[in-house]
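Each chain, letter by letter, is given below.
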Amino acid sequence: MALLATRMNCGEYMNWLKAGQCLLLLQDRLKGYIGGKMLDFHWELSDRITAPRPKKRCQCRAARKQFQPSCPVCAQWKELILAHHNYKNGDIHWGNSNPSLWPTHYWEVAKVYMPRGQAQVRGPEKCDVAALLNLMNTCDYFSGSNLSRVRELIKCRNELMHSADMKVSSSWLKHFEQKLYDLVSEFKHVPGLLSGGEEMQKVLLSELSIGVIEVDGIPKFELQSLITPVDLQGRVTSQSCTITRISPEEVEILLIQQLIQELCLEIEEQGSLTEENEDKVGKIKNFLSQNEDLGFVLQGDLKRLDNLRKNHVPPNAEGWIPPQGFAAFLVVLSLAFSLAYLFGQTH
Ligand SMILES: [Zn+2]
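Residues numbered from 1 in each chain as written. Predicted model: local features only at pLDDT ≥ 70, side-chain atom pairs only at ≥ 80, totals over all residues. Heavy atoms only, no water.

### Notes on the pattern of salt bridges
- Evaluated as defined, the whole model comprises 20 salt bridges.
- Put simply, D128 and R157 hold a salt bridge, and the shortest N to O gap is 4.0 Å. Taken together, the positions of D128 in the loop between α4 (106–110) and α5 (129–138) and R157 in helix α6 (residues 148–161) put the pair 29 residues apart, joining distant regions of the chain.
- Residue R304 pairs with E268 through a salt bridge whose shortest N-O separation is 3.7 Å. Taken as a pair, R304 in helix α12 (residues 299–311) and E268 in helix α9 (residues 248–270) lie far apart in primary sequence, 36 residues in all. (Salt bridge = Lys/Arg side-chain N within 4 Å of Asp/Glu carboxyl O. Helix = DSSP H or I, 4+ residues; strand = E, 2+ residues; numbered from the N terminus.)

In structure tokens, the structure reads:
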């Protein structure tokens, strides 16, 4: 509790946490709606597949940003998926999905419209907010809406997750609140999103503090949430609303887990540890060593990060390894010397 108290007293850390909690709420409110939309989308695409369905599942597999179909069904699915992709010429993470499941599993199709790292995710309930927002921005099934509002929030989310010291300023939080409000208004038809918007605003206006209570004469720390009554100024309609009962400690853990996961994916994709990544790893490790309560819970995630770090050492840190061409040159040179020597001996 003493460590938690220190963190709660840091305004910029609390800003980071509040924004993260709002994104978790948004994720919770969007997943049902997006799941339903993707089911409809899958039905529509399935209807347009004319190739005869094979009796057994095909062997087509995708890897990273590559997919070459080897059966007519996957070839047609690929064409249809691309036809509905808003960024056909950009990076498409085919490796997120298993093409042989496209005819039967709607979420395998949805995952093609998402950023990397979705291979193990089987449905919208396990998706983080970045995956859901990117899907909305990338799949033209959502094109009836003003998608610039989705893009603005993706930008905010990335800024939040790239802040390795887990701090954002109050002016940034204000900017984020506006972008969040813009998105909620754009998708106000989504069931539960308006009431979710009210909850998010309460989170942003809430004050958390650590109080001291006495139990059997012994002073103990207790986390207290002081929710300020909100005047919503008609920005969202008044509906019954309840703050999602998720403790600040749980939010902290979920967010830092996402931060580490994002960093792991970045290192894996780049194939080496950049200076920027090394700096981020250092900041996270430093934070978790100072906050042992979190470090203890997140030791598994930290271990994964450490392993990746060890396996992605920059090439020159391992010592100089002669390139193949240079080795061949040395062989030719030594042969030439031997021949010259032999030639000299015989004459
Ligand atoms: Zn196939």
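Moving on from the coordinates now.
### What about the coordination of the zinc ion?
- Taken together, C58 (SG), C60 (SG), C71 (SG) and C74 (SG) make up the full set of protein donors to the zinc ion, lying 2.3 Å away.
- Coordination geometry of the zinc ion: the four donor atoms subtend angles of 105 to 116 degrees at the metal centre, consistent with an arrangement described as tetrahedral.
- Within one chain, the residues serving as donors to the zinc ion are arranged as C-x1-C-x10-C-x2-C. With C60 in the loop between α2 (11–47) and α3 (72–83) and C71 in the loop between α2 and α3, this pair connects stretches of sequence that are eleven residues apart. (Donors = N, O, S within 2.8 Å, 3.2 Å for Na, K, Ca; no water. Tetrahedral: all angles 85-135°; square planar, octahedral: opposite > 155°, others 65-115°.)

### What to know about the side chain of N291
- Examined against the element boundaries, N291 turns out to sit in the loop between α10 (275–290) and α11 (292–297).
- We classify N291 as buried; its relative accessible area is 7%.
- With near-sequence residues (within four places) excluded, N291 lies in contact with L3 and R7. (Buried < 20%, exposed > 50% of the residue type's maximum accessible area, 1.4 Å probe, protein only. Contact = heavy atoms within 4.5 Å.)

### Structural notes on the nonpolar core
- Membership of the largest hydrophobic core comes to 90 residues, with the highest contact counts inside it found for L26 and F176.
- Per element, the largest residue contribution to this core is 16 residues, and it comes from α2.
- A domain-level breakdown of this core finds at least three residues from each of domain 1 (2–243) and domain 2 (250–315).
- Contacts of F176, omitting those with residues within four sequence positions, involve A19, C22, L23, L153, C156 and L204. (Core = buried A, V, L, I, M, F, W, Y, C linked by side-chain atoms within 4.5 Å. Domains from an automatic or database assignment.)

### Observations concerning α9
- Taking 1.5 Å of rise per residue, 23 residues should cover 33 Å, and α9 covers 33 Å from first to last C-alpha, within 8% of that figure.
- At the exit of α9 stands G271, carrying a positive phi of roughly 75 degrees. (Expected span 1.5 Å × (residues − 1).)

### Remarks on the packing of aromatic side chains
- Going through the model one piece at a time under the given rule, you end up with ten aromatic pairs.
- An angle of 25 degrees between the planes, with centres 6.0 Å apart, marks the rings of Y13 and W16 as stacked. Of this pair, Y13 and W16 are both found in helix α2, three residues apart, which corresponds to roughly one turn of the helix.
- With a relative accessible area of 3%, Y13 lands in the buried category.
- Measuring from ring centre to ring centre gives 5.9 Å for F41 and Y113, while their planes differ by 70 degrees; the resulting arrangement is edge-to-face. Highlighted residues: F41 in helix α2 and Y113 in the loop between α4 and α5, separated in sequence by 72 residues. When sorted by exposure, F41 lands in the same class as Y113, which is buried.
- One aromatic cluster in this structure is built from Y13, W16 and F287.
- One cation-aromatic arrangement involves K37 over F142; the distance from NZ or CZ to the ring centre is 5.6 Å.
- Lying across the ring of W94, K78 places its NZ or CZ 5.3 Å from the centre. (Phe/Tyr/Trp six-rings, centres within 6.5 Å; stacked < 30°, edge-to-face > 60°. Lys NZ or Arg CZ within 6 Å of the ring centre and 35° of its normal.)

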